[in-house]
Amino acid sequence: MPRRAKGALEAEVLAALWAANEPMTPESVRTAIGAGLAYTTVQTILVRLHDKGAVTREPRGRGYAYTAALDESGLVARRMRELLDGDRDRAGVLSRFVSELRPTDEAALRRALRRRS
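Residues numbered from 1 in each chain as written. Predicted model: local features only at pLDDT ≥ 70, side-chain atom pairs only at ≥ 80, totals over all residues. Heavy atoms only, no water.

Participant: Talk me through a nonpolar patch on the surface; I want residue IDs and the actual numbers.
Facilitator: There is a patch of nonpolar side chains on the surface, built from Val-76, Met-80, Phe-97, Val-98, Leu-109 and Leu-113 and spanning about 490 Å² of accessible area. For the nonpolar patch, the secondary structure elements donating two or more residues are α4 (72-85), α5 (90-99) and α6 (103-116). With respect to the helices and strands, the residue Leu-109 is situated in helix α6. (Patch = residues over 30% accessible without salt bridge, like charges linked within 9 Å, V, L, I, M, F, W, Y side chains within 5 Å. Areas by Shrake-Rupley, 256 points an atom, 1.4 Å probe, with all protein chains shown as cover. Salt bridge = Lys/Arg side-chain N within 4 Å of Asp/Glu carboxyl O. Helix = DSSP H or I, 4+ residues; strand = E, 2+ residues; numbered from the N terminus.)

So this is what it looks like as structure tokens:
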């Protein structure tokens, strides 16, 4: 089986959680993904996502059941903010980001900023 791109397995796990109507155990996530993954692999990904704040968990039997803490756009926004927080030149990064937006994205950003004020 070819190696997944970085973050691809986390994305698959989150997609399974977003599609679920209830919290999922590592085994139910493994079954939903159906990629022949080991239980421990899925469990490790869920623990990492929990450590990042991307999922919440509740006790279920001897383990946990997991739920996505954010929707997809919320998760992407959090990643963008983390990248921005990691740079010393915030103003420069923001300026470059805005200068490279498509007109429709720039308009959406302006609307979002107006709603926030």
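Participant: Please provide a residue-by-residue account of the side chain of Glu-10, values included.
Facilitator: In this fold, Glu-10 is placed in helix α1 (residues 8-19). With a relative accessible area of 13%, Glu-10 lands in the buried category. With residues near it in sequence (within four places) discarded, Glu-10 still touches Ile-45, Arg-48, Leu-49, Lys-52 and Arg-79. (Buried < 20%, exposed > 50% of the residue type's maximum accessible area, 1.4 Å probe, protein only. Contact = heavy atoms within 4.5 Å.)

Participant: Please provide a residue-by-residue account of the nonpolar core, values included.
Facilitator: Ranked by size, the top nonpolar core spans 18 residues in total, and within it Val-13, Leu-17, Val-29, Leu-46 and Leu-49 carry the most contacts. Those elements giving two or more residues to this core turn out to be α1, α2 (26-33), α3 (39-51) and β2 (63-68). With five residues, α1 is the largest single contributor of residues to this core. Once residues lying within four places of it in the same chain are set aside, the contact partners of Leu-46 are Val-13, Leu-17, Pro-26, Val-29, Val-55 and Tyr-66. (Core = buried A, V, L, I, M, F, W, Y, C linked by side-chain atoms within 4.5 Å.)

Participant: Can you break down the packing of α4 against α5 residue by residue, with the values?
Facilitator: Running from N to C, α4 and α5 cross one another at 135 degrees; their axes reach a closest spacing of 9 Å. By the angle between their directions, the pair α4 and α5 is classed as oblique. For the pair formed by α4 and α5, the contact residues are Met-80, Leu-84 and Asp-85 on the first element and Arg-90, Val-93, Leu-94 and Phe-97 on the second. Partitioning the contact of α4 with α5 into residue classes produces five nonpolar, no polar and two charged. (Axes fitted to C-alpha atoms, helices over the stretch in contact; angles between N-to-C directions. Parallel < 35°, antiparallel > 145°, perpendicular 65-115°, else oblique. Nonpolar A, V, L, I, M, F, W, Y, C, P; charged D, E, K, R; others polar.)

Participant: Mind laying out the environment of Glu-27, listing which residues take part and the relevant values?
Facilitator: In this fold, Glu-27 is placed in helix α2. Residue Glu-27 is classed as partly exposed on the basis of its relative accessible area of 33%. Distance in space between the C-alpha atoms of Glu-27 and Ala-38 is 9.3 Å, their sequence separation being eleven residues. For Glu-27, the side chain forms a polar contact with the side chain of Arg-30, separated by 3.0 Å. (Polar contact = N/O pair within 3.5 Å; in protein donor to acceptor, adjacent residues only side chain to side chain.)

Just geometry here; none of it tells us what the structure is for.
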